[in-house]
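Topology and contacts: notes
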Amino acid sequence: MNAEAPNEKIALSLDHNGKVPVTVEGGTLSIDLKGLSEKNLIGPKGHLIKGLKLFVNGARVEAKPVRTDGQITFQLPEGVTPQTLSLTLYEQPILTAQGDGVSGFSIHPDHAHERLTITELRMLGTSEVRLPHIPTPRSKLAGFDRAKHAPITDLHTHSSAQLSADDLMDMAIRNGLNYPVELLEKKLGMQFSDARRARITKGPSYAFHPTQAEGLQCEKKDQQIDVIPLSALTDVQREQLKNKFHVPRDATLTITDMDDEMYRYGNPIVKNPSIAKEMLITIARDCQKKGIQYIELSTASMIDKVEWFGEMIEAVQEAEKMGVTMRFLVGIPRNFAPHQVLGALEKTKYALRHPYVVGVDLLGYEYNSTTSFNWALAHIANWARARDGKSDLKAEHGWDFKRDMVVRIHAGETGKSERNVAGSIAVAKHYDIRMRVAHALNEAEDENLNNTLTKLTDGAGGESKVSFEFCPDSNMGYGNVHDVSGFPFSRWLGSVKSWFLGTDGMGAIQTSPVQLALSAIAGGVTLGQLTQMRATEDHFIAGQKQRDAAKSKAFLSHYGPDVAQANQSFLTGLKEHLGYVNSLGPDPENKKRTILPKSFAGKIPILISGAAGSSWSDIKDPAVRKEIIESMKVLAQTLDPEKVFFVVGRTKGSSRGEVARANDDDINGVTAAIDQAVHDYNEQNPTRSFDMLSLNTEENTDIARSITWLVHQDGTRARVPFNTMNFMRYAEQAGISIFIGGGNFTSAMIEYARKEPRNGQHPTPYLLMSNADGASMDFAKKSELGRTFENHSQLLGRMNKIATDVLGGVSIFRDDAKTKALLSQAERDLPRQRGDG
C-alpha cells in the first residue's frame, strides 16, 4: 500500500483522524482514550481491551493491556530494543510503526491505511459483541493507492458541516467571535467566574429553526442576547463546546440528536456573516490538504443575503489559486411549506445566473415521498427550459440553464417512504434534466429501474444524465445504517455507471477522502470500481469546466466584459430581485389585494374549480368526465398565455405524484385535468407557457405540477372558498370563474360568486357545467341559462361572450386559424343551446 503522505512522518494513532493517539515512552506504549466515550469500545469488556494485541519486532507481547486514568497501556518487554511496533485488533493490523533511533516512532508509510476509519470506530463503539468483519480484513486493502482510489471530488456536502471542530473553533477565536451565553449555561451547564462574566456583552441572535420550540432567545431571529467571547472560555469549556461540533467518533446521532446535540452549537458561528469569506477559504485550504480538487457546497446561506454572495465570490477566487474549484448548490429544505419552497425557487432562479452557483439541492430529513415535491421539480425544470421566453435573459447571450443546472434529491436515505429513488429517476427522465440522487440506501430491486439507470447513468459519448452520490460515513454517523453490509453498493453498482463518494459534511462526520474510499471497500466496492469512479470524476470535472466556460461567457455578455464590474452588477441585480420577491404577497396599501409576480401583470384570471376525489366519482356518466377532461385540453389549446392565467386550489392527491400519464383514465378531478392539460401544453411550448396560480393553506401539499406561483392563504382549509373568491374579486383584472361538479367547497364558492360586488370589488362572471353532478348542476338548475354549459364548445362560446360583454371586449383567445374556427363553431352553436332560441 502506498503512503497517505509519503514525504512526511505520520504521528502514531489508531485512527486516520489522529484522535486516538499512541505514545511510546519509558518502556510503555500508551493509547489516549480521552476522545472516546462508548464503554463498548473502552470499558472493561470493551473491544480495545479484549481485541488489542501488541507485537514488538514481530513477536507477540504476552502482557495484557491495562486501562488506567483515561489510557490503555502496554508494557514493552525489558531488554529488547524496539525497532518495529504493531497493534492488531481481532487479528487485523491497525497500527504498524517503525523507529528511526532518533525521534522515536512513526507509522510505516506502506501501512498508513491500516488505521481505523471513523466508520470502524463507530461500529466498534456501538456494538456490544465482536463483529467478525470489523475491522475490515486488511487483505481487502492490499493495493490501495490514494492517488488512484481516493475521491478527488466532494459533491455531497454542506458548508455548515464541512470544517473540523478544531478549524471552526480556531477561526472563531481568531476573528474575535462571541457566543450565546444562554446556550452555554442552559444546555451545556457551564458556569462562569466573575472575571469571565464581566466579559459578557450584547450581540445578535442567529435563528435555528429545528429547536425554536424550546424557547431559547438565542435561537430566535433578530434578538439582542448576552454573548461572551469564545476566547474568554477556559480550555476545558472550549473543548466541551468543540465536542458538540461533530458526531462523536465512537457513537452515532439520531435525526433529532443531529439538530439538538450538534448543528445548534455550530449555528452561532457558521451563520455569522463576518466570517463567511474566511470560512470558505478555510474549507478550500482543507480540500487542498486532503486532495479534493472540486467541491460543491450545499447552503441556504445565499438566499436573502447579498453580502454573503459578495464574500463567496472573493473566496472562490482565492480557492482557485490553491487549485481547488468551489461551487455551490442552493439548499431548499424539503420540509418547507409549499409557498416557502416556491419563494426560494424564485430567488434561486436569479442566483443560478452566476457561474459559481450550479444547482438546487432539496435537502433535509427524508420523511416524505419524493412525489410531495414533484411539482417543485417540474417548476424549476420547466423554467430551465424556457430561458428565451419566461425571463429577461436574451437568447443571444447564450444562457442555457438546462445544460448548466443540476438538481440533487435526497432519496432513499431513510426507509420512511418507498420508491423515492425510482420517483427521482422518473422526474429526471421525464424532464430531461441533470440530476444527482443522494444516498439511495433504501430501494427495492426493480429490473425496469435498473435498465433505465444503465441508460441514464452511462455517459458513453457524453456526460451522464443521472449520477448517484454515496455517503457511507454519514450513513453510519447518522444511524441510517448499522453495519457496513447496509451500504448500498451491491444494490446499485451493477446498473449505475456514474457515481461519486461524498462526505455529507467532512468536519461533522469526521471523515476524509481516504476514509470514504476505505469505507466503500468495507461495503463491497472493489479497487477496480474505485478506479472507475475516479475516471467518472475526471470526466465530470472536464464537463464542469466546459459548463463554467459557457456560463461565464453568457454572464459576462449579459453583465459586462469586466469580471469585477460584472460581479458588482450581478450583486446589484440580486439585491433588487430579492427585494422584488420579498414584496410579493399581500399589498401593504390594500391587504385585500395580492401582489403577484411580473409575469401575471395585466392578465385575466381564469379560476377552475370543482369535482375531485369522491365528488369526481359522483359524476356518474363517464362521458361527462371525458368531456370535462376534453374541455380543459381545449382551454389550454385556445386561450392565450400572454393574456390569461389559471387559478386553482389543491389537486387533492390526484396528480401531484405523477410524472407522466398513460391515459386520461388516470385523472381524478377537475384541477388535475387542467393541471395535466397545461402541463402538456407548457412542455410543448416552454418559451410561451401558461402561468398557473395556486391558492393554498400551509397544511396542503397537493400542488399542481404546472404551478408558477402560490399564494399562501391564512387560516384553516375551511376558509379556502372565501379566500379563493376574495382573490378573484380583488384581482388586478376581473376574471372568469368556471365551476364543474364539486361538493361543499365548490358550492360555497358559487355562493360567493353570486353575491353583488362591494366597494373595490370586481363583478365575478362565472359559468356552471350543468350536466356535471354536484354543486355546478345544482346551481345551474336555478341560474340563467347564459351561465351554463355542457361541453367544450359551449364553454368557449360562453367565455368569449363574457370577455366581450362583461370584461370590456378584451381578447383572451389565441389569434390562430384553429382557435378562430373553434370560436366560430361555438358562436354558431350558442343560439341552439337549451332555452336560448
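Refer to the structure presented above.
Please read all numbers here as calculations on a predicted model, not as lab measurements. (Residues numbered from 1 in each chain as written. Predicted model: local features only at pLDDT ≥ 70, side-chain atom pairs only at ≥ 80, totals over all residues. Heavy atoms only, no water.)

1. Notes on the overall build of the protein chain
What counts is decided by this rule: We count a stretch as a helix when DSSP gives it H or I for four or more residues in a row; a strand needs E for two or more, and each element gets its number in order from the N terminus. Atoms counted for the radius of gyration: C-alpha only. Globule rule: 2.2 Å times residue count to the power 0.38. Relative accessibility thresholds used throughout: buried, under 20% of the residue-type maximum; exposed, over 50%; partly exposed, between the two (1.4 Å probe, protein chains only). The contact criterion used is simple: two residues touch if any of their non-hydrogen atoms lie within 4.5 Å. Accessible surface area values rest on a Shrake-Rupley calculation with a 1.4 Å probe, where residue burial reflects the displayed protein chains alone.
The helix and strand inventory of the protein chain stands at 30 helices and 29 strands. Its C-alpha radius of gyration of 31 Å places the protein chain within 12% of the 28 Å reference for a compact globule of 837 residues. Viewed in the frame of its principal axes, the protein chain has a C-alpha envelope of about 120 × 65 × 55 Å. The buried share among the 837 residues of the protein chain stands at 57%. Contacts in the protein chain between residues far apart in sequence, at least 24 positions, make up 75% of those at least 6 positions apart. Accessible area of the protein chain: about 33800 Å², with a carbon and sulfur share of 48%.

2. With respect to the sheet that holds strand β8 (residues 92–99)
Across a sheet, paired strands are connected by hydrogen bonds in the backbone, their directions being either parallel or antiparallel. Short version of the rule: One requirement defines pairing of two strands: DSSP has to find at least two bridges between them. Between the N-to-C directions of two axes lies an angle of 0 to 180 degrees, each axis being a line fitted to C-alpha atoms and, for a helix, fitted only over the stretch in contact.
With antiparallel pairing, the five strands of this open sheet are ordered in space as β4-β3-β7-β8-β9. At either margin of the open sheet sits one strand with a lone partner, and together these are β4 (59–61) and β9 (105–107). On average, each strand axis in the sheet is inclined to that of its neighbour by 30°, with strand direction left out of account. As judged from the three bridges shared by strand β3 (residues 52–56) and β4, these two strands associate in the antiparallel manner. If you follow Phe55 over to β4, its bridge partner there is Arg60.

3. Thoughts on helix α29 (residues 792–805)
As a reminder, the rule being used: By definition here, a helix of n residues has an expected span of 1.5 Å times n minus one. Whenever a nitrogen or oxygen atom comes within 3.5 Å of another N or O atom, the pair is scored as a polar contact, on the condition that within protein one atom can donate a hydrogen and the other can accept it, and that pairs from neighbouring residues in sequence are kept only if both atoms are in side chains.
Taking 1.5 Å as the rise per residue, α29 with 14 residues should run 20 Å; its terminal C-alpha atoms sit 20 Å apart, in good agreement. Buried within α29 we find Ser793, Gln794, Leu795, Leu796, Gly797, Arg798, Met799, Ile802 and Ala803. The inward-facing, buried residues of α29 abut β23 (604–610), α24 (622–638), β27 (736–740), β28 (766–769), β29 (788–789) and α30 (817–829). For α29, the N-terminal capping position is held by Asn791, with its side-chain oxygen 3.1 Å away from the main-chain nitrogen of Ser793.

4. A look at the nonpolar core
The line we're drawing: In plain words, nonpolar cores are sets of buried Ala, Val, Leu, Ile, Met, Phe, Trp, Tyr and Cys residues tied together by side-chain atoms within 4.5 Å.
In this structure, Leu241, Phe468, Trp499 and Met799 are the most contacted members of the largest nonpolar core, which totals 239 residues. Beyond its immediate stretch of four places on either side in the chain, Trp499 contacts Phe468, Phe470, Phe489, Leu493, Val525, Gln529, Leu530, Met533 and Thr536. Core analysis: the second largest hydrophobic core is formed by 10 residues, Val247, Tyr263, Tyr478 and Ala508 among them.

5. Notes on the packing of aromatic side chains
The following threshold applies: Pairs were defined over the aromatic rings of Phe, Tyr and Trp, the Trp ring being its six-membered one, requiring ring centres within 6.5 Å. Orientation was assigned from the angle between planes: stacked under 30 degrees, edge-to-face over 60, tilted for the rest. Whether a charge lies above a ring is judged from NZ of Lys or CZ of Arg, which has to be within 6 Å of the ring centre and within 35 degrees of the ring normal.
Following the criterion strictly, the structure yields 22 aromatic pairs and no others. Look at Trp308 and Phe309: their rings are 6.0 Å apart centre to centre, the planes differ by 90°, and that puts the pair in the edge-to-face class. Each of the two residues, Trp308 as well as Phe309, counts as buried. Considering the side-chain rings of Phe487 and Phe489, the 6.3 Å spacing of their centres and the 80° angle between planes classify their relative orientation as edge-to-face. Just above the ring of Trp492 sits the side chain of Arg491; from NZ or CZ to the centre is 3.9 Å. Over the ring of Tyr580 we find Lys598; its NZ or CZ atom is 4.6 Å from the centre of that ring.

6. Description of the side chain of Arg534
By secondary structure assignment, the location of Arg534 is in helix α21 (residues 527–559). Of the polar contacts made by the side chain of Arg534, one reaches the backbone oxygen of Ala147; its length is 2.9 Å. Those residues within four positions of Arg534 in sequence are excluded, and the remaining contacts are Arg146, Ala147, Lys148, His149, Ala150, Pro151 and Ile152.

7. Side note on the layout of surface pockets
Operational definition: Put plainly, a pocket is an open set of points on a 1 Å grid over the protein atoms alone with protein on both sides within 12 Å along at least five of seven lines, a cavity is a set where a 1.4 Å probe fits but cannot get out, and a lining residue has an atom within 4 Å of a point. Grid points are joined across faces, edges and corners, and a volume is the space filled by probe spheres set on the points.
Here the second largest pocket is characterised by a volume of approximately 1200 Å³. His16, Asn17, Gly18, Lys289 and Lys290 are, among the 40 residues lining the second largest pocket, the residues nearest its centre. Among the secondary structure elements, those contributing two or more residues to the lining of the second largest pocket are α5 (165–174), α8 (235–242), α10 (276–290), α19 (506–509) and α20 (513–522). In terms of residue count, the dominant contributor to the lining of the second largest pocket is α10 (five residues).

8. Quick notes on the packing of α10 against helix α11 (residues 306–321)
Quick note on the threshold: Note that the term roughly parallel is reserved for angles under 35 degrees, roughly antiparallel for angles over 145, roughly perpendicular for angles of 65 to 115, and oblique for everything else. Crossing chirality is assigned from the near helix's rotation relative to the far helix, an anticlockwise turn below a right angle marking it left-handed and a clockwise turn marking it right-handed. Following the grouping adopted for this structure description, the nonpolar residues are Ala, Val, Leu, Ile, Met, Phe, Trp, Tyr, Cys and Pro, the charged ones are Asp, Glu, Lys and Arg, and the polar ones are all others, Gly among them.
One can describe the packing of α10 onto α11 by two numbers: an axis separation of 8 Å at closest approach and a directional angle of 30°. With respect to their mutual orientation, α10 and α11 come out roughly parallel. You can see that α10 and α11 cross each other, and the crossing is right-handed. The residues of α11 that touch α10, namely those facing Ala276, Lys277, Leu280, Ile281 and Ala284, are Trp308, Glu311, Met312, Glu314, Ala315, Glu318 and Ala319. A class-by-class count of the residues in the contact of α10 with α11 yields eight nonpolar, no polar and four charged.

9. As for helix α9 (residues 255–270)
Short version of the rule: One axis fitted to the seven residues ending at a residue, another fitted to the seven starting there: the angle between these axes is the bend at that residue.
The sharpest bend along α9 measures roughly 50° and falls at Tyr263. Elements that come into contact with the buried residues of α9 comprise α5, β11 (178–180), α6 (181–187), α8, α10 and α19.

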